[in-house]
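# Descriptive analysis of the structure
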Amino acid sequence: MKLFMPDRVVFDPPSLRYPLGEKIYGYFQDKDVEVIKAPLQKVAGFIPGTTAGAKYASSKKTLAVTVKKSLKLDVCRPSADFEFSLVTGCPGNCEYCYLYTTQSSKLYLRTYVNLEEIFTSIREHIVKNGNRLTTFEVASAGDPLAIEHITGSLSKTVEFFGELENARLRVVTKFDNVDPLLTLRHNGHTRFRVSINSRYVIDSFEHTTAGFDERIDAASKIADAGYPIGFIVAPIMVYDRWEKEYLELFDRLKRQINTGKSGEPVTFELIQHRFTPAAKKFILERFPNTKLDMEESRRVLKWGKFGRFKYVYPAETASHIKEYIQTLISERFPGAVIEYFT
Ligand code: SF4
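Computed from a prediction, not measured in an experiment: that's the story for all the values here.

## So, the site of the ligand
- Cys 90, Gly 92, Asn 93, Cys 94, Cys 97, Tyr 98, Leu 99 and Lys 174 make up every residue found near the ligand.
- Looking at the shell around the ligand, its residues break down into five nonpolar, two polar and one charged.

So this is what it looks like as structure tokens:
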């Protein structure tokens, strides 16, 4: 897919004291992009748009370059021991993006330039974890690969983890800009997961992300480069031809992905479609013509943490999805690990 280019970039002044901040500043000098120097708190004031929809669209084309202040890492279950961010936000426009509810007031992208401080924090967390093998998720607050051509920070992080004996990095993406990663010294320490789905789901709901074929091509390159490979299949949806289309997906993965190169099993994470009342409200505001099925009467309520609830498929449908997808996987990838179905 075409590489993302923002309409405007706001440099938080402290970011220019770091080599990566300077490098990104240099990158934009010959681009047709508005370059602004202003404190992070003022970014919202530079985002044009008189309606909520226009502001949302402009936010997705705005990049703030800044310094990550809080370096205490959160726990990240079930995916990893801890999570950290190189980037917050994403230029994609998936209708059910989890960022709407977690970052609704700040949908512009932020990238962090104090990589060495972030790396120091990672080392400290490994020590706190008793120097046991510790896993870190880098893509829970945004998609770093989407702007890797601008920052290069994911590549640096992959090589940093390549040298750590007792830490592993986990990346997930819906983008396909993997070429800069193919020759890195990753040492098998980064598990690269591609978020994938049926053609209908990607084409209908995952706007301005890489397409079905592009993502599988990217996954194939990553697997050939010796990275441990995985797939997040989410959100799994039931619609009139869903079984046929998920069959197409797994047949295609089987045909195209060489899972043997890394020596590690291919992993799958399976997440059925769910929505909360708050997410439904955001989605209907931003995508008034959405085809997303959010009819409460066809779902059941599932209570989550802190008294929040979400609508999921009824138990019978959920267990049919689980059995069907697990069978597709085990028939095609006998050594695969299904990490969870939720
Ligand atoms: S790619 Fe991921 S982070 Fe980006 S909009 Fe889609 S769901 Fe959100």
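## Considerations on the sheet that holds strand 2 (residues 34-37)
- In space, the five strands of this open sheet follow the order 2-1-3-8-6, with mixed pairing throughout. Because the sheet does not close on itself, it has two edges, and the strands there are strand 2 and strand 6 (87-88).

## Brief notes about the pattern of salt bridges
- Evaluated as defined, the whole model comprises 20 salt bridges.
- With its nearest N and O atoms 3.5 Å apart, the salt bridge here joins Arg 170 to Glu 269. Taken together, the residues Arg 170 in strand 10 (residues 167-173) and Glu 269 in strand 14 (residues 267-272) connect sequence positions 99 residues apart.
- Glu 248 is the salt-bridge partner of Arg 199, the closest N and O atoms lying 2.8 Å from each other. Separated by 49 residues along the polypeptide, Arg 199 in helix 7 (residues 199-205) and Glu 248 in helix 9 (residues 242-256) bring together distant segments of the chain.
- Of the residues examined, Arg 199 reaches a relative accessible area of 26% and is grouped as partly exposed.
- Take Glu 248: its relative accessible area is 31%, and that puts it in the partly exposed class.
- Each of the salt bridges in this network shares a partner with another, and the network as a whole consists of Glu 137, Arg 170, Arg 193, Glu 269 and Glu 339.

## Some words on unusual backbone geometry
- Geometrically, the link from Ala 234 to Pro 235 is a cis peptide bond, its omega value of -10° lying close to zero.
- If you check the backbone angles, Asn 187 has positive phi at about 60° while not being a glycine.
- Inspection of the secondary structure puts Asn 187 in the loop between strand 10 and strand 11 (190-196).
- A positive phi angle, close to 50°, is found at Thr 208, a residue other than glycine.
- Within the secondary structure, Thr 208 is located in the loop between strand 12 (206-207) and helix 8 (212-224).
- Residue class for Thr 208 comes out partly exposed when judged on its relative accessible area of 46%.

The rules behind each value
Residues numbered from 1 in each chain as written. Predicted model: local features only at pLDDT ≥ 70, side-chain atom pairs only at ≥ 80, totals over all residues. Heavy atoms only, no water. Near = heavy atom within 4 Å. Nonpolar A, V, L, I, M, F, W, Y, C, P; charged D, E, K, R; others polar. Pairing = 2+ DSSP bridges. Helix = DSSP H or I, 4+ residues; strand = E, 2+ residues; numbered from the N terminus. Salt bridge = Lys/Arg side-chain N within 4 Å of Asp/Glu carboxyl O. Buried < 20%, exposed > 50% of the residue type's maximum accessible area, 1.4 Å probe, protein only.

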